[in-house]
Amino acid sequence: VKGRSAFAQSSYKDQQGTALAGSLAFASDKNLVDAFIVGDVGDNGLEAGVAVIAGAAADVQRTGLNEQVVTRPVTSSTAANVIGIVVRNQQMRSNTAGHACYFTEDLCNVARTGRSGSRIWVQLVDGAQPALDGAVFVHTDTANAGKFTAASGTDIIALTTMKFKSAAVDGIALVELI
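This one's a predicted model, so the numbers in the text were calculated from it and none came from an experiment. (Residues numbered from 1 in each chain as written. Predicted model: local features only at pLDDT ≥ 70, side-chain atom pairs only at ≥ 80, totals over all residues. Heavy atoms only, no water.)

So, the sheet that holds strand β7 (residues 100-102)
Stage number 1. Read from one edge of the open sheet, 3 strands run β2-β7-β6, paired in antiparallel fashion. Edge positions in the open sheet fall to β2 (46-47) and β6 (93-94), since each of these has one partner strand only.
Stage number 2. Note: β2 against β7, 2 bridges, orientation antiparallel. Looking at the pairing, glutamate 47 lines up with cysteine 101 of β7. (Pairing = 2+ DSSP bridges. Helix = DSSP H or I, 4+ residues; strand = E, 2+ residues; numbered from the N terminus.)

If you want it as structure tokens, here you go:
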């Protein structure tokens, strides 16, 4: 239309340019993701970019299929209990805080700890200062359950199957599963 500006896309990329909690760093990382049913996570749901543990499903319809549900870590959790990190996707809804999340009995995507190479943006606790290739720790206390930090402490467990690949950026950082 004469006299109006128009947008024209001049380049195309297969990699996402925006870093959001739970976003995979590269499109190929989707091959390192599994699906789980979300257990009881309360009214605020299970947000993207947090660590999760697996527990036994209360109602298994078919043996060998969906026998586990995922939830946030609890104070009795160990590093061996953490099975991965919640991955962001288009099916996520928003909780009352406006954060992308899954709710109880939703189907959830998880970047698994047993599959090395996956890179994902994770939520950090306030004040966390990760270093490149630095150690990764996750909170198990109720207020910060599943959020990541770069320092050990009370109700925090070390995750030796992960390392930080970036500094903190607006409350998130890139983690690589090794």
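Alright, that's what it looks like, and here's the rest.
With respect to unusual backbone geometry
Stage number 1. Residue aspartate 133 is not a glycine yet carries a positive backbone phi of 65°.
Stage number 2. Along the chain, aspartate 133 turns up in the loop between β9 (119-123) and β10 (135-139).
Stage number 3. By relative accessible area, which is 44% here, aspartate 133 ends up partly exposed.
Stage number 4. Unlike most non-glycine residues, aspartate 155 shows phi in positive territory, near 55°.
Stage number 5. For aspartate 155, a relative accessible area of 33% translates into the label partly exposed. (Buried < 20%, exposed > 50% of the residue type's maximum accessible area, 1.4 Å probe, protein only.)

Comments concerning the pairing of strand β8 (residues 107-112)
Stage number 1. Strand direction decides the pairing type here: strand β1 (residues 33-38) and β8, joined by 5 bridges, are antiparallel. By the bridge assignment, aspartate 34 is partnered in β8 with valine 110.

A closer look at the nonpolar core
Stage number 1. Formed by 23 residues in total, the largest nonpolar core has its most connected members in Ile85, Ile120, Val122, Phe148, Met162, Phe164 and Val175.
Stage number 2. Sorting the residues of this core by element identifies β3 (51-56), β5 (82-86), β9, β10, β12 (156-164) and β13 (172-177) as the ones contributing at least two each.
Stage number 3. When residues of this core are assigned to their parent elements, the largest contribution, 4 residues, is made by β12.
Stage number 4. Among the nonpolar cores identified, the runner-up in size contains 15 residues, and Phe36, Leu46, Val70 and Ala100 belong to it. (Core = buried A, V, L, I, M, F, W, Y, C linked by side-chain atoms within 4.5 Å.)

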